[in-house]
Amino acid sequence: MCGIVGAVAQRDVVDILVEGLRRLEYRGYDSAGVAVVNASGELTRLRRLGKVKELADAVAATPATGGTGIAHTRWATHGEPSERNAHPHLSSNITVVHNGIIENHSPLRDDLKAKGYVFTSDTDTEVIAHLVEEELKSAGSLLAAVQKTVKQLHGAYGTVLLDKTDPSRVVVARSGSPLVIGLGIGENFIASDQLALLPVTRRFIFLEEGDVAEITRHSVSIFDSNGNAVEREVHESNVSYDAGDKGQYRHFMLKEIYEQPHAINNTLEGRLSRDSVLDETFGNGAAELFKKVKHVQIVACGTSYHSGMVARYWLESLGGISCNVEIASEFRYRKSFVQPNSLLVSISQSGETADTLAALRLAKEAGYVGSLTICNVAGSSLVRESDLAFMTRAGAEIGVASTKAFITQLVGLAMLTLAIGKYNGLTDAQQRELTEALQSLPGKLEQTLALAPQIEALAEEFADKHHALFLGRGDQYPIAMEGALKLKEISYIHAEAYAAGELKHGPLALIDAQMPIIVVAPNNDLLEKLKSNVEEVRARGGILYVFADADARFQSDATMRVINVPHVADILAPIVYTLPLQLLSYYVAIIKGTDVDQPRNLAKSVTVE
Ligand code: M6R
């Protein structure tokens, strides 16, 4: 949620900050702001309701220069989206931007008001600015004032502060919301995501929980939560990002859908032998750990939770071990029973989802035999805090609706099934078969992408619909859930998914000609059962859209449109059948005229509860 960029440089940094915000806009996009200080200590602050473009236009129209500055793109938590609630917030000489939530903002606000501070916004963030100003009265420096302030804050923050009377430095603090320092030559930067800083540097320091740092043009001093000076490793980034370039595509989401065969090639590269998954795939010590594992507990949110649900079918039917999957926000607040030799697997595109991270931290205390994260962002909190990490290598995903990150998570989870299964009865022949299937996957996805024109035509029929029902059975049930999530996220059509066997237990009551029913129907053991469910819908006047294997022998007619999906091995079916559902939601969203890459009310990375 929200994005932060900051800089301490000799040159004018306004354009760097605004470009950084543009690159972070996918994280939050209801308002944006920038504040810069020039060498004479003159501060210019500009804020706008709406997207970064509004701010960029304001910057173009209003001369603002300065070598030290901070900027923010907001996803509202406290206080409606508006210019007065947009960051940066001020308190006399102090300027602040903040990601996260200050849970005790209300009593802090009352104390500060009693001391005479005047609040000009409804945000929790503004208390930070006033607290730092208050602490600065007795602390000898901005750094000391911030160190004293953060001790009073409960909740989550990634925050950057500057004091206009000393433009030579910014002070930053991290607890629960990521911050990364970008190292330049004679200039340094700060951001909530390295993507923001790639035009100016590739050398990064990832701050750790509780860190407070002072950044000047020539130095970076980092202190841990006890105030001890600490060294943090410098990482050379090889992340690529071409934010300005959607290529031939109208939206990032479409580009990312089409990138999926290539992304999977990257996910697989160097990780498979001819007939098994290589031991090193999950990192040092993975093989030793997997030998001990007798149960897998998966935690994740949203789309990542759906990939976990698919993995449960695979781990139990092929991997030979039991598996539970739980939404992280539920898992973290429930007393759960830890099975002996249980591995905690977190799944996350961003690696920063607050609930998933909290679940991992709790699990570390709870007696799990180890933790593994399946993640797309190197250096993210989940990657750093897990014992093992499998990087999905999908490349930066900019569209808020997750597509290639989901598909590559599934590939990683299929490999995990192989890696664990070989210690639990998965035969050599099965391993070879699954390995060959995975290697054929990019080609199968290329074939499936060729269905796009048919799906685009089909999408027309959803133009006037307000509801949709997705049906699947077995490992296609989570794919139906993912299809429903995609449709509601980007087209705002209300969509539900059901395990098809549940229809007669209630949802059949919804069926009429106004309720499109989308069915995912590979030719597997459950096909005949699914066909019976399809007939139940037809008998009640429902209009069906069936994505099926040609061998499944569904026929298009007045009440059923059939799209034939390439025949694939059972293990690949959840991955391949995801793709037409992504395309369907994309084309429906185009017809509905929604903001596909940045749907209303959402943010790419949910770093608050
Ligand atoms: O970064 P994560 O995978 O942990 O994010 C979890 C969800 O917020 C995310 O998958 C969300 O559901 C997407 N918008 C789905 O498209």
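Heads up: the structure comes first, above all this text.
The notes below deal with the structure included here. (Residues numbered from 1 in each chain as written. Predicted model: local features only at pLDDT ≥ 70, side-chain atom pairs only at ≥ 80, totals over all residues. Heavy atoms only, no water.)

Focus on a negative patch on the surface
A cluster of like negative charges, contributed by D275, D428, E433, E436, D525 and D570, occupies part of the molecular surface. One can find E433 in helix 14 (residues 428-449). (Patch = residues over 30% accessible without salt bridge, like charges linked within 9 Å, V, L, I, M, F, W, Y side chains within 5 Å. Areas by Shrake-Rupley, 256 points an atom, 1.4 Å probe, with all protein chains shown as cover. Salt bridge = Lys/Arg side-chain N within 4 Å of Asp/Glu carboxyl O. Lys, Arg positive; Asp, Glu negative; His and termini not counted. Charge placed at Lys NZ, Arg CZ, Asp CG, Glu CD. Helix = DSSP H or I, 4+ residues; strand = E, 2+ residues; numbered from the N terminus.)

Observations concerning the sheet that holds strand 16 (residues 295-300)
The strand order 17-16-18-19-20 describes an open sheet built from five strands, whose pairing is parallel. At either end of the open sheet lies a strand with only one pairing partner, and these are strand 17 (322-327) and strand 20 (388-391). Strand after strand, the sheet turns through a mean of 20° between neighbouring axes, direction not considered. The pairing of strand 16 with strand 18 (residues 342-348) spans five bridges and is parallel. Within strand 18, the position partnered with Q297 by the bridge is L344. Contacts from helix 11 (residues 354-365) reach strand 16, strand 18 and strand 19 (370-375) within the one sheet, and its direction differs from that of strand 18 by about 165°. (Pairing = 2+ DSSP bridges. Axes fitted to C-alpha atoms, helices over the stretch in contact; angles between N-to-C directions. Contact = heavy atoms within 4.5 Å.)

A few points about the site of the ligand
The environment of the ligand is formed by 14 residues, the closest being S304, S348, Q349, T353 and E489. Within the side chain of T353, an N or O atom sits 2.4 Å from an oxygen atom of the ligand. In this structure, an oxygen atom belonging to the ligand sits 3.1 Å away from a side-chain N or O atom of K486. For the ligand, the protein covers 91% of the area, taking 410 Å² as the surface of the free molecule. Listed by contribution, the elements that provide at least two residues to the shell around the ligand are helix 9 (302-317) and helix 16 (477-491). It is helix 9 that provides the largest number of residues to the shell around the ligand, a total of three residues. Considering only residue class, the shell around the ligand consists of four nonpolar, eight polar and two charged. (Near = heavy atom within 4 Å. Polar contact = N/O pair within 3.5 Å; in protein donor to acceptor, adjacent residues only side chain to side chain. Nonpolar A, V, L, I, M, F, W, Y, C, P; charged D, E, K, R; others polar.)

With respect to the nonpolar core
Ranked by internal contacts, the top residues of the largest apolar core, which has 90 residues, are F282, F290, L372, F470 and F547. Residue contributions to this core peak at 12 residues, all from helix 18 (residues 573-592). With sequence-adjacent residues up to four places away left out, L372 is seen in contact with F282, F290, L343, L344, V345, S346, S386, L388, A389, F390 and L416. (Core = buried A, V, L, I, M, F, W, Y, C linked by side-chain atoms within 4.5 Å. Buried < 20%, exposed > 50% of the residue type's maximum accessible area, 1.4 Å probe, protein only.)

Section: the sheet that holds strand 14 (residues 229-230)
Strand order in the open sheet formed by seven strands is 5-6-7-8-12-13-14, and the pairing between neighbours is antiparallel. Of all the strands in the sheet, the pair left with one neighbour each is strand 5 (89-91) and strand 14. Against the sheet, helix 4 (residues 126-136) engages strand 5, strand 6 (94-102) and strand 7 (155-163), with an angle of about 130° to strand 6.

Comments concerning helix 14
Taking 1.5 Å of rise per residue, the 22 residues of helix 14 would be expected to cover 32 Å, and the 32 Å separating its terminal C-alpha atoms lies within 8% of that figure. At L441, helix 14 shows its maximal bend, which comes to roughly 40°, and the proline P442 appears one to four places after that position. Buried residues of helix 14: Q431, L434, T435, A437, L438, L441, P442, L445, T448 and L449, and no others. At its buried positions, helix 14 is contacted by helix 6 (252-258), helix 7 (260-268), helix 13 (404-421), helix 15 (452-459), strand 25 (560-565) and helix 18. (Expected span 1.5 Å × (residues − 1). Bend = angle between axes of the 7 residues up to and from the residue.)

Considerations on the pairing of strand 24 (residues 543-549)
With seven of its seven residues buried, strand 24 lies for the most part within the structure. Side chains of strand 24 alternate between two faces, with I543, Y545, F547 and D549 and L544, V546 and A548 buried alike. In this sheet, strand 24 lies alongside strand 23 (residues 516-521) in parallel orientation, the contact comprising six bridges. The residue bridging V520 from the neighbouring strand is F547, located in strand 24. Pairing of strand 24 with strand 25, which is carried by six bridges, proceeds in the parallel orientation. The residue of strand 25 that forms the bridge with A548 is N564.

Considering the packing of aromatic side chains
Summed over all chains, the structure comprises five aromatic pairs. Here the aromatic rings of F282 and F290 are separated by 5.4 Å at their centres, their planes lie at 70°, and the arrangement is edge-to-face. Assessed through its relative accessible area of 3%, F290 is described here as buried. Each member of the aromatic cluster is reached from another via a ring pair, and the members are F282, F290 and F390. Its end group placed over the ring of F390, R271 keeps NZ or CZ at 4.0 Å from the ring centre. Taking the ring centre of Y492 as reference, the NZ or CZ of R600 above it sits at 3.8 Å. (Phe/Tyr/Trp six-rings, centres within 6.5 Å; stacked < 30°, edge-to-face > 60°. Lys NZ or Arg CZ within 6 Å of the ring centre and 35° of its normal.)

A short note on the side chain of E214
Within the secondary structure, E214 sits in strand 12 (residues 212-216). A residue is classified by how much of its surface remains accessible, and E214, at 14% relative accessible area, is buried. In this view, E214 contacts L143, R169, V170, V171, S219, V220 and S221; residues no more than four positions away in its chain are not counted.

Regarding the packing of helix 13 against helix 18
As a packed pair, helix 13 and helix 18 sit with axes 10 Å apart at the nearest point and diverge in direction by 175°. Accordingly, the angle class assigned to the pair helix 13 and helix 18 is roughly antiparallel. For the pair helix 13 and helix 18, the contacting residues are F406, I407, L410 and V411 in the first and P574, I575, T578 and Q582 in the second. Among the residues making up the contact of helix 13 with helix 18, the classes are represented as six nonpolar, two polar and no charged. (Parallel < 35°, antiparallel > 145°, perpendicular 65-115°, else oblique.)

Some details on the environment of F470
Position of F470 relative to the elements: it lies in strand 21 (residues 467-472). Accessibility expressed as a relative area gives 2% for F470, which makes it buried. In this structure, the C-alpha to C-alpha distance between F470 and A480, residues 10 residues apart in sequence, is 5.2 Å.

Things to note about the packing of helix 3 (residues 105-114) against helix 4
Contact geometry of helix 3 with helix 4 gives a least axis separation of 10 Å together with a crossing angle of 45°. One finds that helix 3 runs oblique with respect to helix 4. For the pair helix 3 and helix 4, the crossing hand works out as left-handed. Counted together, H105, L108, R109 and L112 of helix 3 and V127, H130 and L131 of helix 4 form the full contact between these two elements. Residue composition of the contact of helix 3 with helix 4, by class: four nonpolar, two polar and one charged. (Left-handed = near helix turned anticlockwise from the far one by under 90°.)

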